[in-house]
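Here is what each chain is made of, one letter per residue.
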Amino acid sequence: MQIRFYATLRPIVGGRSVELSDPPDTIGAVLERLADDYDGLRAQLFDDDGTVRRFVAIMVDGRDIRHVEGLQSRVNPDSELDIFPPVAGGSEHH
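Residues numbered from 1 in each chain as written. Predicted model: local features only at pLDDT ≥ 70, side-chain atom pairs only at ≥ 80, totals over all residues. Heavy atoms only, no water.

Within the secondary structure, Asn76 is located in the loop between β4 (63-64) and β5 (80-84). For Asn76, a relative accessible area of 39% gives the class partly exposed. Along the primary structure Asn76 and Phe55 are separated by 21 residues, whereas in three dimensions their C-alpha atoms are 25 Å apart. Within the local environment of Asn76, its side chain forms a polar contact with the backbone nitrogen of Asp78, the two atoms lying 2.7 Å apart. (Helix = DSSP H or I, 4+ residues; strand = E, 2+ residues; numbered from the N terminus. Buried < 20%, exposed > 50% of the residue type's maximum accessible area, 1.4 Å probe, protein only. Polar contact = N/O pair within 3.5 Å; in protein donor to acceptor, adjacent residues only side chain to side chain.)

Bringing the pairing of strand β1 (residues 2-5) into the picture now. Of the two faces of β1, only one is covered, namely that formed by Ile3 and Phe5; the face formed by Gln2 and Arg4 stays uncovered. In terms of strand pairing, β1 meets strand β2 (residues 17-19) through 3 bridges, oriented antiparallel. Bridge assignment links Gln2 to a residue of β2, and that residue is Glu19. In this structure, β1 lies alongside β5, joined through 4 bridges in parallel fashion. (Pairing = 2+ DSSP bridges.)

The next subject is the nonpolar core. In terms of nonpolar packing, the biggest core is built from 22 residues, with Ile3, Phe5, Leu34 and Ile83 touching the most fellow members. At the level of elements, β1, α2 (27-37), α3 (41-45), β3 (57-60) and β5 are the ones that each hand at least two residues to this core. It is α2 that provides the largest number of residues to this core, a total of 5 residues. (Core = buried A, V, L, I, M, F, W, Y, C linked by side-chain atoms within 4.5 Å.)

Under the defined criterion, the tally for this structure stands at 1 aromatic pair. Ring geometry for Tyr6 versus Phe84: centroids 4.2 Å apart, planes at 10 degrees, classification stacked. Here the residue Tyr6 occupies a position in the loop between β1 and α1 (10-13), and Phe84 occupies one in strand β5, the gap between them amounting to 78 residues. Overall, the relative accessible area of 23% leaves Tyr6 in the partly exposed class. According to the relative accessible area criterion, Phe84 is partly exposed, its value standing at 31%. (Phe/Tyr/Trp six-rings, centres within 6.5 Å; stacked < 30°, edge-to-face > 60°.)

For the rest of this paragraph, the subject is α2. One turn of the α-helix equals 3.6 residues, which is why residues spaced by three or four share an orientation. Of all the residues in α2, the buried ones are Ile27, Gly28, Val30, Leu31, Leu34 and Ala35. End-on, the buried residues of α2 take up no more than an arc of 160 degrees, which puts them together on one face. Tucked into the core, α2 has its buried residues touching β1, β2, α3, β3 and β5. (Arc of directions from axis to C-beta. Contact = heavy atoms within 4.5 Å.)

As a further point, take the pattern of salt bridges. Scanning the entire structure with this criterion turns up 7 salt bridges. Arg42 serves as the salt-bridge partner of Asp36, at 2.8 Å between the closest nitrogen and oxygen. Judged by relative accessible area, Arg42 falls into the partly exposed class, the value being 32%. Asp47 serves as the salt-bridge partner of Arg53, at 3.0 Å between the closest nitrogen and oxygen. Asp47 sits in the partly exposed class, given a relative accessible area of 29%. Each of Arg4, Glu80 and Asp82 takes part in salt bridges that share partners, so that together they form one network. (Salt bridge = Lys/Arg side-chain N within 4 Å of Asp/Glu carboxyl O.)

Have a look at this one:
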């Protein structure tokens, strides 16, 4: 399973993507394995109560998991995941 990371997550995992062999079959389990494998990733993805942080976007095969079954969304070894960290932004007021 290919998992692509963006922006501030790339230094944590050491590149643009990682290949997960023998992946679990739900998004939640995949994220747990990644959080165990990469120091610092858990704090970027999850709140203290274990839910995905509000502005983290996780896409499975191009669909936001919030619009399917969330962390229970099923995946298979051919699924592609894209994980986007919260993006700082806004406008300056003068």
